[in-house]
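Observations on the three-dimensional arrangement
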Amino acid sequence: MEFQAVVLAGGVGKHFGVLADKSHPKALLSVGNRPLLSYPVEALEKAGFTDAIVVTAGDDTAKSVSKFAENYTGKLQMQVVPVPEDAGTATALRAIADRITSNNLLVLSGDLITDVSLAYLAGKHCANGATATVLLANCRQNVEAETGKPAPPVDFIGLDASGDRLLFCASAKTVKREIKVRRSIISHKEQMDLRADLIDAHLYLFSKAALETLEKHPDFTSLKEHLVPYLARRQFAPADPPPADKPSGDGKPELAALPRATSGVFVEVVAEKKYAFRVNSVPAFCDANREVSTLGEAAHLTGYTLSQYDNVVDATAQLGQRATVGSACIVGERCVIGDKCSIKRSVIGRNTKLGNNVKVMSSVIGENVTIEDGCHIQNSVVSNNAVLQERCSLRDCQVAPAFMLEAGLECRSEALAD
């Protein structure tokens, strides 16, 4: 199978507020004490890929990601290519068209954490002779904080009776009062199962024909919103207009060629025991850190082995007297945890120092953070190199990289940055 791989690493990440900036782009935020980008990169390596194009939004992000690529210890070679910061996913792919030489392309988002076999997906794509193959994940049972009601659908997905063929897809935000389906699809498929419990995982496999379609439509800016729905709509329509009749050697007109359907658009729905999750917001970032540190969910993806207490405390970490680390926690390398500290359902980054009597609950603490005596942190994210002076209290807060919080301050539901 001839495949190339492209990772769309994005840029700062507009949904991450103070947690990400040009020096700390979304792709390098830490999930389970690993850069987020390392998860799709490792998945490609496990599938047998030896190189990948990593596309970033902007030159500043490219510089940071290039440092990650230089320090990556795996076998995968990364070519980091910047595109304009405002480029959509389809625009980004079109911008690197001259670097794509294979007949098939695997494209995945740099914020996707998954253990779905990419080698299996590639084999399925080729076996089906597909124009495109799309990975779909099951929606989570989210509720709206204000009303307590189930959150509205994210995507509308139409599948054939077998569940393998994509007949319709649209983001819920683009659908108003009605859903329109092409007549050619209904005429070929008597049944369509319209589902709102699946979401596009932003992992695609494209044939050369799909990439040629992208080149022909410079108005397409998004793979999810434009290219994939177009391919699904057109898969049962004529590939090209039939040629005009022309005289044959005996002077009689030749019959025009009959239109042929294009190759299909197929899907793979993530199996129940597999994991696929996009870290595309602050809540998702917190969820991902919790899940990769929890037994039975995604802990195997971090590379760590959970202890008998269902946690990870690195052998180089120092724990003070009567300090406790509960289950679903990760304490990174060279951490110093003071006396009588309590850590519950949290991730503590490398080289972080906690003073005495510090309480951390359901939080993510970055690398090289200093948290002084008597601080209490709950449901919060503290970024790399931040300093919390003694007796600070945080609840439902996000702290920017290298920010210093003065002693004794109490903060609730705040984004703290210079």
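Calculation rules
Residues numbered from 1 in each chain as written. Predicted model: local features only at pLDDT ≥ 70, side-chain atom pairs only at ≥ 80, totals over all residues. Heavy atoms only, no water. Helix = DSSP H or I, 4+ residues; strand = E, 2+ residues; numbered from the N terminus. Buried < 20%, exposed > 50% of the residue type's maximum accessible area, 1.4 Å probe, protein only. Contact = heavy atoms within 4.5 Å. Areas by Shrake-Rupley, 256 points an atom, 1.4 Å probe, with all protein chains shown as cover. Lys, Arg positive; Asp, Glu negative; His and termini not counted. Charge placed at Lys NZ, Arg CZ, Asp CG, Glu CD. Arc of directions from axis to C-beta. Pairing = 2+ DSSP bridges. Axes fitted to C-alpha atoms, helices over the stretch in contact; angles between N-to-C directions. Core = buried A, V, L, I, M, F, W, Y, C linked by side-chain atoms within 4.5 Å. Salt bridge = Lys/Arg side-chain N within 4 Å of Asp/Glu carboxyl O. Patch = residues over 30% accessible without salt bridge, like charges linked within 9 Å, V, L, I, M, F, W, Y side chains within 5 Å. Phe/Tyr/Trp six-rings, centres within 6.5 Å; stacked < 30°, edge-to-face > 60°. Polar contact = N/O pair within 3.5 Å; in protein donor to acceptor, adjacent residues only side chain to side chain.

So, on to the overall build of the chain. Each helix and strand counted, the chain has 8 helices and 31 strands in total. With the C-alpha coordinates of the chain rotated into their principal frame, the extents come out at 100 × 45 × 40 Å. Counting only residues that meet the buried cut, the chain has 48% of its 418 residues in that class. In the chain, the proportion of contacts linking residues at least 24 apart, taken out of those at least 6 apart, comes to 51%. Total accessible area on the chain is roughly 20800 Å²; 49% of this is exposed by carbon and sulfur atoms. Charged side chains in the chain number 45 positive and 49 negative. The centres of these two groups are separated by 3 Å.

Restricting attention to buried positions, one finds in helix α6 (residues 208–216) the residues Ala210, Leu211, Thr213 and Leu214. Seen from one end, α6 has its buried residues packed into an arc of 155°, which puts them on one side.

Take the sheet that holds strand β8 (residues 166–171) next. Strand order across the open sheet formed by 3 strands is β8-β7-β9, with antiparallel pairing between neighbours. Strands at the two margins of the open sheet, each flanked by one partner only, are β8 and β9 (193–195). Each adjacent strand pair in this sheet contributes to an overall mean axis angle of 10°, direction not counted. Note: strand β7 (residues 155–159) against β9, 3 bridges, orientation antiparallel. Paired with Gly158 across the bridge in β9 is Leu194. Each of β7 and β8 is contacted by helix α7 (residues 223–234), which is oriented at about 160° to β8, the strand it contacts most.

Counting 35 residues, the largest nonpolar core has Val6, Leu93, Leu166, Phe206 and Leu223 as its most contacted members. For this core, the leading source of residues is α7, giving 6 residues. Counting residues in hydrophobic clusters, the runner-up holds 33 residues, among them Phe3, Val65, Leu205 and Ala276.

This part takes up the pattern of salt bridges. All chains considered together, the criterion is met by 13 salt bridges. A salt bridge links Lys26 to Asp111, with the nearest nitrogen and oxygen atoms 3.1 Å apart. Of the two residues, Lys26 sits in the loop between β1 (3–10) and α1 (38–46) while Asp111 sits in the loop between β4 (104–109) and β5 (112–114), which places them 85 residues apart along the sequence. Residue Lys26 is classed as buried on the basis of its relative accessible area, which comes to 14%. Glu268 is the partner of Lys124 in a salt bridge, and the nearest nitrogen-oxygen pair spans 2.6 Å.

Another point: the sheet that holds strand β21 (residues 359–361). Two orientations exist for strands paired in a sheet by backbone hydrogen bonds: parallel and antiparallel. Read from one edge to the other, the open sheet built from 6 strands follows the order β15-β18-β21-β24-β27-β30, with strand pairing classed as parallel. Among the strands making up the open sheet, the edge pair consists of β15 (324–325) and β30 (410–412). By the bridge criterion, 2 bridges tie β15 to strand β18 (residues 342–344) in an arrangement that is parallel. In the sheet register, Val325 faces β18, and the bridge partner there is Ile343.

Moving on, we get to a positive patch on the surface. A contiguous patch of positive charge, built from Arg322, Lys340, Lys344, Arg345 and Lys359, is present on the exposed surface. With respect to the secondary-structure elements, Lys340 resides in the loop between β17 (336–337) and β18. With relative accessibility at 41%, the residue Lys340 sits in the partly exposed group.

Here the focus is the packing of aromatic side chains. Taken as a whole and assessed by the stated rule, the structure comprises 4 aromatic pairs. A centroid spacing of 6.0 Å and a plane angle of 45° characterise the contact between Phe68 and Tyr72, whose relative ring orientation is tilted. An angle of 20° between the planes, with centres 5.7 Å apart, marks the rings of Tyr204 and Phe206 as stacked. The same class applies to Tyr204 and to Phe206, which are both buried.

Within the element layout of this structure, Arg94 appears in helix α3 (residues 89–95). Relative accessible area serves as the criterion here: at 17%, Arg94 is assigned to the buried category. Those residues in contact with Arg94 that sit more than four places away from it in its chain are Leu214, Glu215, His217, Pro218 and Phe220. A polar atom in the side chain of Arg94 sits 2.9 Å from the backbone oxygen of His217.

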